[in-house]
Amino acid sequence: HILALLSTCFRTPPSHADWDWFTRLNPYGKSRVCLALTGGAQVAGVYCFAPTRLTIEGKRSQTSYGHHLAFDPKHRNALSFVEFSRFAFANEIAHGTDLVIGPPNKNAYLPHKILMQWFDFGFLEYLSKPRPADRQHSCVELHEFDAAFDEFFDRVSRGMSVYFSK
């Protein structure tokens, strides 16, 4: 039911594999999934929070990454958005979260800022281009990092004031 809702709300909904990673396979822990239900117990909205580790000025924060906020268009309005968001954030606070981050899409950006009083603490500039054609390569998928990554990460993160850590 949730993936069907996401398919109606997002131009590019998550695949089953992406959804499984976000909700069950994330190495930091399973996502907390809040549902808004209609009077008939149908899924009208969803708001998910994946635990992550963010370090700010040398202090590790208990952080959640807000992902996949969606409301069925038939039930979408400002009051429902605000009340559901307040419920979901209160649930995160109850789980010890002291910071929620999330990159809202362009439809959700202003409602988050205006109605929920989120603020920008950073900006990531990016470029995108069409996907290149598939070709032969020697890349392999890693399922875990070895000690060499820890040494690399320690060296690179030393000069950073904000970073995600493993």
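The text that follows walks through the structure, step by step, so that each part is easy to find. (Residues numbered from 1 in each chain as written. Predicted model: local features only at pLDDT ≥ 70, side-chain atom pairs only at ≥ 80, totals over all residues. Heavy atoms only, no water.)

1. What about the overall build of the chain?
Counting its regular elements, the chain contains 5 helices and 5 strands. Seen in sequence order, the chain has helices and strands lined up from the N terminus as α-α-β-β-β-α-β-α-α-β. A total of 166 residues make up the chain; the buried ones form 31% of that total. Considering only contacts within the chain whose residues lie at least 6 apart along the sequence, 59% involve residues at least 24 apart. For the chain, the exposed surface amounts to about 12,300 Å²; the carbon and sulfur share of it is 57%. (Helix = DSSP H or I, 4+ residues; strand = E, 2+ residues; numbered from the N terminus. Buried < 20%, exposed > 50% of the residue type's maximum accessible area, 1.4 Å probe, protein only. Contact = heavy atoms within 4.5 Å. Areas by Shrake-Rupley, 256 points an atom, 1.4 Å probe, with all protein chains shown as cover.)

2. Brief notes about the side chain of His67
Among the structural elements, His67 can be located in strand 3 (residues 59-71). Within the structure, His67 has its side chain in polar contact with the side chain of His68 (distance 2.7 Å). Every residue in contact with His67, bar those within four places of it in the chain, is listed here: Phe22, Ser31, Tyr47, Cys48, Phe49 and Ala50. (Polar contact = N/O pair within 3.5 Å; in protein donor to acceptor, adjacent residues only side chain to side chain.)

3. Some remarks on the packing of helix 3 (residues 78-94) against helix 4 (residues 106-115)
In a packed pair of helices, the relevant descriptors are the angle between the two axes and the axis-to-axis distance. With their axes 11 Å apart at the nearest point, helix 3 and helix 4 run at an angle of 70° to one another. By the angle class used here, helix 3 and helix 4 are roughly perpendicular. Crossing geometry of helix 3 relative to helix 4 is assigned as right-handed. Residues Ala78, Phe81 and Val82 of helix 3 lie in contact with helix 4, whose contacting residues are Pro111, His112 and Leu115. Here the contact of helix 3 with helix 4 is built from residues that sort into 5 nonpolar, 1 polar and no charged. (Axes fitted to C-alpha atoms, helices over the stretch in contact; angles between N-to-C directions. Parallel < 35°, antiparallel > 145°, perpendicular 65-115°, else oblique. Left-handed = near helix turned anticlockwise from the far one by under 90°. Nonpolar A, V, L, I, M, F, W, Y, C, P; charged D, E, K, R; others polar.)

4. Side note on a negative patch on the surface
Together, Glu144, Asp146, Glu151 and Asp154 make up a region of like negative charge exposed at the surface. Along the polypeptide, Asp146 turns up in the loop between helix 4 and helix 5 (147-157). (Patch = residues over 30% accessible without salt bridge, like charges linked within 9 Å, V, L, I, M, F, W, Y side chains within 5 Å. Salt bridge = Lys/Arg side-chain N within 4 Å of Asp/Glu carboxyl O. Lys, Arg positive; Asp, Glu negative; His and termini not counted. Charge placed at Lys NZ, Arg CZ, Asp CG, Glu CD.)

5. Some points on the nonpolar core
Grouped together as the largest cluster of nonpolar side chains are 13 residues, with contacts concentrated most on Tyr47, Phe84, Phe89 and Met116. Of all the secondary structure elements, the ones that give two or more residues to this core are strand 1 (32-37), strand 2 (43-56), strand 3 and helix 3. Ranked by residues supplied to this core, first place goes to helix 3 with 5 residues. Residues Trp19, Val43, Val46 and Ala70 belong to the second largest nonpolar core, which totals 10 residues. (Core = buried A, V, L, I, M, F, W, Y, C linked by side-chain atoms within 4.5 Å.)

6. Observations regarding the packing of aromatic side chains
Applying the stated rule across the entire model yields 11 aromatic pairs. A ring pair is formed by Phe71 and Phe84, whose centres lie 5.4 Å apart and whose planes are at 80°; its orientation type is edge-to-face. With a gap of 13 residues between them, Phe71 in strand 3 and Phe84 in helix 3 connect regions that are remote in the sequence. On the accessibility criterion, Phe71 (10% relative accessible area) is buried. Residue classification places Phe84 among the buried positions, given a relative accessible area of 6%. Members of the aromatic cluster, connected to one another through ring pairs, are Tyr47, Phe49, Phe71, Phe84 and Phe89. (Phe/Tyr/Trp six-rings, centres within 6.5 Å; stacked < 30°, edge-to-face > 60°.)

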